[in-house]
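Overview (structure and organization)
Now for the letters of each chain:
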Amino acid sequence: MVIESSVDYILSRTKLAPRVAVVLGSGLGAFADELTDSTDVHYSDIPGWPPCTCIDHAGKLVFGKLEDLDVVVMAGRSHLYEGYTPAQVTMGVRVLHQLGVQSMVMTNAAGGINLAYSQGALVLISDHINLQGSNPLIGVNDDSFGPRFPDMTEAYSASYRAIAHEVARELEIELAEGVYAAVTGPSYETPAEIRYLRTIGADLVGMSTVPEVIVANHMGMRVLAISCVTNMAAGVLPQKIVHLEVLETGRRVQNTLVRFLKGVLPRL
Ligand code: HPA
């Protein structure tokens, strides 16, 4: 199976056995540079790993150390809008679990729907609304991964969220909390769609993360997820959404995100 050959290849490349993984979203790649004694494993070298087509994603796993802690970073993820299947989009999480990862920290770029947010805000995801029209668990259930009907009442670990708020307070980093609506993209939303999303209880909108979170929960992993509000969602401000500006905002706040991640990871 594809997962086994990926795992075998990765094990041939690193001796580290991290319990914690960090997935870095668009424009948020800087954290990977914080790891010491690091080994890069490029997706293109891993058997069966979907190649990364995104312009601002590095496309590699980085195994390394954050002081004493072994960490693996997924620098770049695949998305449904690239044409990948939900199984391909979530394969990385399956592989990481097989390698021993129990805690997933996801980051992403998101549009801010909640009017209390501003561009550049960091928001802890408390829950999600899956509007991608698919679920990565559709199909025959592999009982060795998890149950047919996994519970999602605490998809984003309450204890991890408490830790995240504590760390943010200590580091004097402003950290809001909100509900993330996942859409497929790749077109950004219309203003009418954003009004709809606000009405149904979404604070953020993005095109990633939810498939991985579902699969992580299926396997009993604990999840912490942080959105960077790279732009206010369509129609909130009298201006268009430009992808390069989305990436630019990510780059602008990633130093804060790096400080936050360095504080939070050893406590998970
Ligand atoms: N919509 C959807 N996904 C996004 C956005 C947005 O406004 N910004 C960054 N990712």
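Everything here concerns the structure above.
Residues numbered from 1 in each chain as written. Predicted model: local features only at pLDDT ≥ 70, side-chain atom pairs only at ≥ 80, totals over all residues. Heavy atoms only, no water.

Some points on the pattern of salt bridges
Using the criterion set out here, one finds eight salt bridges in the structure. A salt bridge links Glu177 to Arg161, with the shortest nitrogen-to-oxygen separation between them at 3.0 Å. With a gap of 16 residues between them, Glu177 in strand 7 (residues 175–182) and Arg161 in helix 3 (residues 158–170) connect regions that are remote in the sequence. The closest approach of N and O atoms between Arg267 and Glu166, which form a salt bridge, is 2.9 Å. Linking Arg267 in the segment after helix 6 (243–264) with Glu166 in helix 3, this pair joins segments that are 101 residues apart in sequence. By relative accessible area, which is 33% here, Arg267 ends up partly exposed. Salt bridges here are not isolated pairs; linked through shared partners, they connect Glu166, Glu170 and Arg267. (Salt bridge = Lys/Arg side-chain N within 4 Å of Asp/Glu carboxyl O. Helix = DSSP H or I, 4+ residues; strand = E, 2+ residues; numbered from the N terminus. Buried < 20%, exposed > 50% of the residue type's maximum accessible area, 1.4 Å probe, protein only.)

What about empty space enclosed by the protein?
Taken as a whole, this structure holds two cavities of 30 Å³ or more when the rule is applied. The space that makes up the largest cavity amounts to roughly 110 Å³. Lining the largest cavity, in full, are Gln119, Thr230, Asn231, Met232, Ala233, Leu237, Gln239, Lys240, Ile241, Val242, Glu245 and Val246. Mapped by element, the contributors of at least two residues to the lining of the largest cavity are strand 9 (222–232) and helix 6. The element best represented in the lining of the largest cavity is strand 9, accounting for three residues. Among the residues forming the lining of the largest cavity, the class breakdown is six nonpolar, four polar and two charged. Counted as a void, the second largest cavity has a volume near 50 Å³. (1 Å grid on protein atoms, 1.4 Å probe; cavity = no way out; pocket = protein on both sides within 12 Å on 5 of 7 lines; lining within 4 Å. Points joined across faces, edges and corners; volume = space filled by probe spheres on them. Nonpolar A, V, L, I, M, F, W, Y, C, P; charged D, E, K, R; others polar.)

Digging into the site of the ligand
The environment of the ligand is formed by Ala109, Ala110, Gly111, Tyr188, Glu189, Val205, Gly206, Met207, Thr230, Asn231 and Val246. Take Asn231: an N or O atom from its side chain is 2.6 Å from a nitrogen atom of the ligand. Bound to the protein, the ligand loses 95% of the 260 Å² it would expose on its own. If you list the elements that add at least two residues to the shell around the ligand, you get strand 5 (103–112), strand 8 (204–206) and strand 9. If one sorts the elements of the shell around the ligand by residue count, strand 5 sits on top with three residues. Across the shell around the ligand, the residue classes tally to six nonpolar, four polar and one charged. (Near = heavy atom within 4 Å. Polar contact = N/O pair within 3.5 Å; in protein donor to acceptor, adjacent residues only side chain to side chain. Areas by Shrake-Rupley, 256 points an atom, 1.4 Å probe, with all protein chains shown as cover.)

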